[in-house]
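Per-entry structural report
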Amino acid sequence: MPTGGGNPNFFKTFKGAYVHAPSPEAMFTSELVMLSCVNDVQFQGDCMIMNYTPGAMLTTLPPECRPSTEVRIPVVVDTRLDVLAVQTNGVVSLNASTDGMVYLAGLSFNISMNWYSN
């Protein structure tokens, strides 16, 4: 469910804040994702991974923030480039084999295909 409401008389940039469900191997600085009015999903915190198995679930996104096709996004884990995968069931995973900080705060991806596909 969305949290917060803001000023009802002001143009809304975001549809709401939603809570994702992190796995035990991932420690997030914030468990919120924002959904914008143009259907961008934006992470609100970074993630520390410890003893992470490549391809394992980092977190699961709420239904409102899930893409209709798998999305792959380049991210930085510590000082190395990696690929973040967001599946249609909301599972977010990495290929990383190195423990460290996954820099996600401010990272966004678009799910417009959920509303504008034929």
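Residues numbered from 1 in each chain as written. Predicted model: local features only at pLDDT ≥ 70, side-chain atom pairs only at ≥ 80, totals over all residues. Heavy atoms only, no water.

Once that is clear, we can look at the nonpolar core. Counting 27 residues, the largest nonpolar core has F43, I49, L84, L94, L104 and F109 as the members making the most contacts within it. Among the secondary structure elements, those contributing two or more residues to this core are β3 (26–28), β4 (32–36), β5 (40–43), β6 (47–49), β8 (71–77), β9 (80–86) and β10 (91–94). Element by element, the count of residues in this core is highest for β8, at 4 residues. Aside from chain neighbours lying at most four places away, what touches F43 is L32, V33, L61, L84, V92, L104, A105, G106, L107 and F109. (Core = buried A, V, L, I, M, F, W, Y, C linked by side-chain atoms within 4.5 Å. Buried < 20%, exposed > 50% of the residue type's maximum accessible area, 1.4 Å probe, protein only. Helix = DSSP H or I, 4+ residues; strand = E, 2+ residues; numbered from the N terminus. Contact = heavy atoms within 4.5 Å.)

The strand order β1-β4-β5-β12 describes an open sheet built from 4 strands, whose pairing is antiparallel. Both outer strands of the open sheet, β1 (14–19) and β12 (108–110), are each paired with one neighbouring strand and no more. The average angle at which neighbouring strand axes cross in this sheet is 20°, direction not considered. With 3 bridges joining them, β4 and β5 adopt antiparallel strand pairing. Note that in β5 the partner of V33 across the bridge is F43. (Pairing = 2+ DSSP bridges. Axes fitted to C-alpha atoms, helices over the stretch in contact; angles between N-to-C directions.)

Turning to the pairing of β5, a few remarks are in order. Along β5, the buried face is formed by V41 and F43; none of D40 and Q42, which line the opposite face, is buried. Taking the residues between adjacent antiparallel strands as the criterion, β4 and β5 are bridged by 3 residues, where N39 takes a positive phi near 65°. Taken together, the 3 bridges between β5 and β12 define a ladder with antiparallel strand orientation. Across the sheet, Q42 pairs through a bridge with S108, a residue of β12.

One non-glycine residue, N39, lies in positive phi territory at about 65°. As for its placement among the helices and strands, N39 is situated in the loop between β4 and β5. Given a relative accessible area of 3%, N39 falls into the buried group. Positive phi outside glycine occurs at N51, with the angle close to 55°. With respect to the secondary-structure elements, N51 resides in the loop between β6 and β7 (57–60).

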